[in-house]
Amino acid sequence: MSSQYSDPNMRVKKLKNDDLRYFSVDDCEHFVLEGLPFREKQGKFRRLPERDELFPYTEGVDLYATHSAGACLRFSTDSADIRIKAKVRMHFNSGDIMTLGRIGFDLYCGKPNESFCAGVTKINFDEVTFPDYEYSAQLYNRPNPKKVMHEFQVYFPLYAEVLEFSIGLEKDAVTAPPSPRSDDRPIILYGTSIEQGCSASRPGMCYAAIMSRKLNREVINMGFAGSGKGEPAMAEKLASINDPGAYILWYDSNVSPEELEKTLPKFTDILRFAHRKTPIITISKLPYPDEIAADAYDDAMFEERQQRTRIHHENMTRRVNAGDARIHFIDGRKLLSGDVADCFHDLIHPNDHGMGKIAELLVPRLAVLTQ
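Rules of the game
Residues numbered from 1 in each chain as written. Predicted model: local features only at pLDDT ≥ 70, side-chain atom pairs only at ≥ 80, totals over all residues. Heavy atoms only, no water. Helix = DSSP H or I, 4+ residues; strand = E, 2+ residues; numbered from the N terminus. Rg over C-alpha atoms; globule rule 2.2 N^0.38 Å. Buried < 20%, exposed > 50% of the residue type's maximum accessible area, 1.4 Å probe, protein only. Contact = heavy atoms within 4.5 Å. Areas by Shrake-Rupley, 256 points an atom, 1.4 Å probe, with all protein chains shown as cover. Lys, Arg positive; Asp, Glu negative; His and termini not counted. Charge placed at Lys NZ, Arg CZ, Asp CG, Glu CD. Salt bridge = Lys/Arg side-chain N within 4 Å of Asp/Glu carboxyl O. Expected span 1.5 Å × (residues − 1). Bend = angle between axes of the 7 residues up to and from the residue. Polar contact = N/O pair within 3.5 Å; in protein donor to acceptor, adjacent residues only side chain to side chain. Phe/Tyr/Trp six-rings, centres within 6.5 Å; stacked < 30°, edge-to-face > 60°. Lys NZ or Arg CZ within 6 Å of the ring centre and 35° of its normal.

Trainee: I tried to follow the overall build of the chain on my own but got confused; where do I start?
Mentor: In terms of helices and strands, the chain carries eight helices and 15 strands. Here the chain has a C-alpha radius of gyration of 21 Å; the compact-globule value for 371 residues is 21 Å, and the two agree. A principal-axis box enclosing the C-alpha atoms of the chain has dimensions of 65 × 50 × 40 Å. The 371 residues of the chain split such that 56% are buried. If you take every contact in the chain between residues at least 6 apart in sequence, the share linking residues at least 24 apart comes to 79%. Element-wise, carbon and sulfur atoms account for 50% of the exposed surface of the chain, whose accessible area totals about 17100 Å². For the chain, the distance from the average position of its 47 positive side-chain charges to the average position of its 54 negative side-chain charges is 5 Å.

Trainee: Quick question: what am I supposed to make of the environment of leucine 100 here?
Mentor: For leucine 100, the location among the structural elements is in helix α2 (residues 99–103). Spatially, the C-alpha atom of leucine 100 lies 23 Å from that of valine 61, the residues being 39 residues apart in sequence. Residue contacts for leucine 100: discarding those within four places in its chain leaves Phe105, Val120, Thr121, Ser201, Arg202 and Pro203.

Trainee: It is not clear to me how the side chain of histidine 328 should be interpreted in this structure. Could you clarify?
Mentor: With respect to the helices and strands, histidine 328 occurs in strand β15 (residues 327–330). Since its relative accessible area comes to 19%, histidine 328 is described here as buried. Filtering out sequence-adjacent residues up to four positions away, histidine 328 remains in contact with Ile280, Ile281, Thr282, Met316 and Leu369.

Trainee: Help me out: how do you make sense of the pattern of salt bridges in this one?
Mentor: Pairing is possible between side chains of opposite charge, provided their charged atoms come close. Per the stated rule, a full pass over the model turns up 27 salt bridges. A salt bridge links glutamate 304 to lysine 285, with the nearest nitrogen and oxygen atoms 3.7 Å apart. Of the two residues, glutamate 304 sits in helix α7 (residues 299–321) while lysine 285 sits in the loop between β14 (280–283) and α7, which places them 19 residues apart along the sequence. According to the relative accessible area criterion, lysine 285 is buried, its value standing at 16%. Among the charged side chains, a salt-bridge network with shared partners connects Asp269, Arg272, Arg318, Arg319 and Asp324.

Trainee: I keep staring at helix α8 (residues 352–369) and nothing clicks. Help me out?
Mentor: Because an α-helix completes one turn every 3.6 residues, residues spaced three or four positions apart along the sequence face the same direction. In this model, α8 (18 residues) spans 25 Å end to end at C-alpha, consistent with the 26 Å of a helix rising 1.5 Å per residue. Where α8 bends most, at leucine 362, the angle is about 30°, and the proline proline 364 comes one to four residues later. Among the residues of α8, Gly354, Met355, Lys357, Ile358, Ala359, Leu362, Val363, Leu366 and Leu369 are the ones counted as buried. Here the buried face of α8 lies against α3 (193–196), α4 (207–215), β13 (246–250), β14 and β15. You can read the cap of α8 off the contacts: a side-chain oxygen lies 3.1 Å from the backbone nitrogen of histidine 353, and it is on asparagine 351.

Trainee: Just checking my understanding: could you explain the packing of aromatic side chains for this structure?
Mentor: Aromatic ring pairs are described here by two measures, namely the spacing of the ring centres and the angle between the planes. Applying the stated rule across the entire model yields 17 aromatic pairs. For the ring pair tyrosine 140 and phenylalanine 152, a centre distance of 4.9 Å and an interplane angle of 70° mean the geometry is edge-to-face. On the criterion of sequence distance, the pair formed by tyrosine 140 in strand β7 (residues 132–141) and phenylalanine 152 in strand β8 (residues 150–155) is long-range, its members being twelve residues apart. For tyrosine 140, a relative accessible area of 7% translates into the label buried. Each residue in the set Phe23, Phe31, Phe75, Tyr140 and Phe152 is aromatic and connected to the rest through ring pairs, giving one cluster. Positioned above the aromatic ring of tyrosine 22 is the side chain of lysine 85, whose terminal nitrogen or guanidinium carbon lies 4.3 Å from the ring centre. When the ring centre of tyrosine 108 is taken as reference, the NZ or CZ atom of arginine 213 above it lies at 4.0 Å.

Below, the structure written as structure tokens:
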């Protein structure tokens, strides 16, 4: 079929040459790049430094650390046209990740807790090259004759390595810093492919990003697909982040109950030794669709669920008995309700509906626990 018969709203138009000025994230003093606590100026968009003898995290963690999940560029400007140029690199084993969520950027306008999605990178899936893909996209194009300043957030890809990135603004555009966060201390989320954002339709729909907007706080996304398994080296690295506001440990889905029982106490103790008063919140697995039958849990699944819950409770009780008043446990079964299957894309990873529900139920708890 000729492309002239396709839906015009689904066509990805080729951008004409523009007359914008392009910046790297380090070129403008008003740009604030969040979510990459270990990145140095002009450095790669890695979530962790390269592994070495001091921090020998696994190959899986090292690979997924190249993915820019959770990275967010914040700034204010009066530019009526905002574009990006990017080159990304993908890796295998990403069959359940949508193209825009995997390699795209999206843009939100307004202060974080009042913002709305104002632009996305439209990408033609059929033209994407593997493993590297280079493209340009217009994220914002709204007349601004009065030169009103607006605040923006650009979310980076969830499942790709960003090799090159620049953002284009009108040549006469004015820039300014974004509004301050409600609390400068970042919330550090450690977990699985779900935490990294697998199956969110675009980066801003990852539940970590949703929570960040609702709480108006930086959330550092340390989800590593199939690889975050509670290793001591990871705990040591996360403990090195300066002045954390809270730690959320949600890596159940990557480990067996036996592995959870072995790793959770030590992981928790490493964080607590480094940060005596920082809230540490552990969360058990979400209720997966195949776990919830019409009549009752399968006996084996129910027993495993009970075992995991017991491990979390015993770890919390152990810490409380040691005088730790800032250790908490949230039962993951209670973070999704109703027709649970409709909250999942592939019956394993939450879709946008599921991501939104998780954030909706977690945010009020976090608002209290992280004060």
